[in-house]
Protein chains: 2
Amino acid sequence: MEEVVLLGFWTSPYVMRVKIALLEKGVEFEYKEEKDIFEDENKSELLLKSNPIHKKVPTLIHNGRPICESLIILEYIDEVWKQQKQLFSHDPYHRAKARFLIDLFDNKVGDCGRRMWASKGEDQEAAKREFVEFLKLLENELGDKPYFAGDYFGLLDIALIPITCRFYTYETLGKFSVENECPRFMAWVRRCNQRESVSKTLPDPFKVFDFVLEIKKRFSIE
Amino acid sequence: MEEVVLLGFWTSPYVMRVKIALLEKGVEFEYKEEKDIFEDENKSELLLKSNPIHKKVPTLIHNGRPICESLIILEYIDEVWKQQKQLFSHDPYHRAKARFLIDLFDNKVGDCGRRMWASKGEDQEAAKREFVEFLKLLENELGDKPYFAGDYFGLLDIALIPITCRFYTYETLGKFSVENECPRFMAWVRRCNQRESVSKTLPDPFKVFDFVLEIKKRFSIE
């Protein structure tokens, strides 16, 4: 009997990636919500023990062995449950490209996103420009295909879609519209949202917005 | 006929990773040295065109298609030339662990390394402590095995060994001895250096030291 435990937090897009991948693969798992991910003393003992270096969610525990970092977990899931539908292309070049874009996304969009809701004036404007530029780059990658890998919902789709539950927050606080800037990207978002794995996983954007307002208050961000 | 071109710079440990992997696989390739990797205007047109986002070495160009970012290139090499000896374990858990450690290394040691040669006083001391702590973590991972994956020289060995050509620089400028702190790690270094792929790739540590002194002068770092 396999034991699969996912330690997560409901607003983390990195956790959502892992949930979607497990749902797509049809892997049964137990989800454990952390009470708070900002202060180490509020984190669960299981998280601190399983991911002593980063102390971050998502952490997947498979038969007692922890796997950390969302992209690494996605590849692990695809490799372990390989009888189920493949999430990652078999083509080494497409795999390299997907890894490159996820890495770029992780390094860029986290920072841009934070600056869109946590800063003001010129820095916020610059973050918006960088963010839209990045989405346009992704639109370009997508081209006329329904999904990034072509006809199927794959690893790159799974890695990118969770952040879109924050778009309402970015748009409201940054005063712009992703739909106006990147309509083809938004068509892809709607397509992904029709999948049960996605619609069951992504939280209500209004709740995410309220949470961000709370965080701003908690950390005294104007 | 396959065409494999590697754009590199002689002091970059990330480039060395790719060279070692290609040598281990027995893949013939053309190596093109960049004149300078610090200012965009000194970079080759081929690099700027092939890696427009990061504009960084290593960039591998395989039959005209560029692949960027050293770890992504290593995985690509292992997947494309899979008839040759496998660099990466087949076990998903070991793969996840290797990816985790390489990612940690890339995020930690670049920064520590720079602070060991570019800063002074308390910050330099802190960088040394972090660096030694990280090497001890690696020693722990290595245990009694000859290589990180066990009996064979694999992906994690390839990813980690290049930085050791900078140890002389770190030790001289930081006034400490890695051998004293982490003798088991240094035994692994000597083991790796017996491989032709490594000894042919890693530059003379004294030349690396001279280069670092030049860089300190060029960027007015005391």
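Computed from a prediction, not measured in an experiment: that's the story for all the values here.

Draft legend 1. Geometry of the packing of helix α4 (residues 92-118) of chain A against helix α7 (residues 167-174) of chain A. Residues and elements named next belong to chain A. Relative to each other, α4 and α7 sit at 45°, their axes nearing to 8 Å. The orientation of α4 with respect to α7, classified from their angle, is oblique. Once α4 is placed against α7, the crossing between them reads as left-handed. Between α4 and α7, the contacting residues are G113, M116 and W117 on the first element and T169, Y170, L173 and G174 on the second. Its residues assigned to classes, the contact of α4 with α7 comprises 4 nonpolar, 3 polar and no charged.

Draft legend 2. The interface of chain A and chain B, seen in detail. Counting residues at the interface gives 21 residues for chain A, matched by 21 residues for chain B. Interface of chain A and chain B: buried area, both sides summed, is about 2100 Å²; carbon and sulfur atoms make up 69% of it. By the criterion of area lost to chain B, the three top residues of chain A are I72, Y93 and F100 of chain A, representing 29% of everything that side buries. Here chain A is connected to chain B by 6 salt bridges. Residues R95 of chain B and E79 of chain A are paired through a salt bridge, measuring 3.0 Å at the closest nitrogen-oxygen approach. The tally of links from chain A across to chain B stands at 6 residue pairs in polar contact (both at pLDDT 80 or more). Of all the secondary-structure elements, those providing two or more residues to the side of chain A that touches chain B are β4 (65-68), α3 (70-80) and α4 of chain A. Each residue belonging to the side of chain A that touches chain B can be placed in one class, and the counts come to 13 nonpolar, 1 polar and 7 charged.

Draft legend 3. Inspection of the sheet that holds strand β2 (residues 30-33) of chain B at higher detail. Residues and elements named next belong to chain B. The sheet built from 4 strands is open, its strands ordered β2-β1-β3-β4 with mixed pairing. At either end of the open sheet lies a strand with only one pairing partner, and these are β2 and β4 (65-68). Going across the sheet, the axis of each strand differs from the next one's by a mean of 20°, ignoring polarity. On the sheet, helix α1 (residues 13-25) packs against β1 (4-8), β2 and β3 (59-62) and is oriented at approximately 155° with respect to β1.

Draft legend 4. Quick look at the domain arrangement of chain A. Residues and elements named next belong to chain A. Splitting chain A by domain gives domain 1 (4-80) and domain 2 (92-218). Once you take the C-alpha centre of each, domain 1 and domain 2 turn out to be 21 Å apart. Each side of the interface is counted separately: domain 1 has 20 residues, and domain 2 has 25 residues. Buried surface at the junction of domain 1 and domain 2, both sides included, amounts to about 2000 Å², of which 67% is carbon and sulfur. For domain 1, the biggest contributors to the area lost against domain 2 are W10, R17 and I20; these three give 29% of the whole. Run the count over domain 1 and domain 2 and you get 5 salt bridges. Measuring nitrogen to oxygen at the nearest pair gives 3.4 Å for the salt bridge that ties R218 to E39. Counting every contact that joins domain 1 to domain 2 gives 8 residue pairs in polar contact (both at pLDDT 80 or more). At the level of secondary structure, the elements contributing two or more residues to the side of domain 1 that touches domain 2 comprise α1 (13-25) and α3. Counting residues per element, the side of domain 1 that touches domain 2 draws most heavily on α1, which supplies 9 residues. For the side of domain 1 that touches domain 2, the per-class residue count stands at 11 nonpolar, 3 polar and 6 charged.

Draft legend 5. Expanded view of empty space enclosed by the protein. Residue and element names in this part refer to chain A. Summed over all chains, the structure comprises 1 cavity of 30 Å³ or more. Here the largest cavity defines a volume of roughly 30 Å³. What lines the largest cavity is simply P13, Y14, R17, F105, A159, P162 and I163. With 3 residues, α1 is the single largest residue contributor to the lining of the largest cavity. Each of domain 1 (4-80) and domain 2 (92-218) contributes no fewer than three residues to the lining of the largest cavity.

Draft legend 6. Inspection of the UniProt feature "domain: GST C-terminal" (unreviewed entry) in chain A at higher detail. Feature annotation in UniProt assigns "domain: GST C-terminal" (unreviewed entry) to the following positions: residues 91-219 of chain A. Along residues 91-219 of chain A the backbone is 74% helical and 0% strand, and the end-to-end C-alpha distance reaches 45 Å.

Draft legend 7. Just the relation of the copies chain A and chain B, in detail. Its rotation angle being 180°, the transformation that places chain A on chain B also includes 0.0 Å of axial translation and leaves an RMSD of 0.0 Å. The transformation just described matches what one would write down for a two-fold rotation axis. By residue overlap, the copies meet face to face through one surface: 100% of the interface positions of chain A are interface positions in chain B.

Draft legend 8. Here's a closer look at the side chain of Q124 of chain A. All names here are of chain A. Along the chain, Q124 turns up in helix α5 (residues 121-142). For Q124, a relative accessible area of 12% corresponds to the buried category. In terms of polar contacts, Q124 uses its side chain to reach the backbone carbonyl oxygen of L173, at 3.2 Å. With residues near it in sequence (within four places) discarded, Q124 still touches R115, M116, S119, L173 and G174.

Conventions used here
Residues numbered from 1 in each chain as written. Chains lettered and ligands numbered in written order. Predicted model: local features only at pLDDT ≥ 70, side-chain atom pairs only at ≥ 80, totals over all residues. Heavy atoms only, no water. Axes fitted to C-alpha atoms, helices over the stretch in contact; angles between N-to-C directions. Helix = DSSP H or I, 4+ residues; strand = E, 2+ residues; numbered from the N terminus. Parallel < 35°, antiparallel > 145°, perpendicular 65-115°, else oblique. Left-handed = near helix turned anticlockwise from the far one by under 90°. Contact = heavy atoms within 4.5 Å. Nonpolar A, V, L, I, M, F, W, Y, C, P; charged D, E, K, R; others polar. Buried area = accessible area lost by both parts, 1.4 Å probe. Salt bridge = Lys/Arg side-chain N within 4 Å of Asp/Glu carboxyl O. Polar contact = N/O pair within 3.5 Å; in protein donor to acceptor, adjacent residues only side chain to side chain. Pairing = 2+ DSSP bridges. Domains from an automatic or database assignment. 1 Å grid on protein atoms, 1.4 Å probe; cavity = no way out; pocket = protein on both sides within 12 Å on 5 of 7 lines; lining within 4 Å. Points joined across faces, edges and corners; volume = space filled by probe spheres on them. UniProt positions renumbered as here; feature names shortened; annotations may be inferred. Least-squares fit on C-alpha atoms with pLDDT ≥ 70 in both. Buried < 20%, exposed > 50% of the residue type's maximum accessible area, 1.4 Å probe, protein only.

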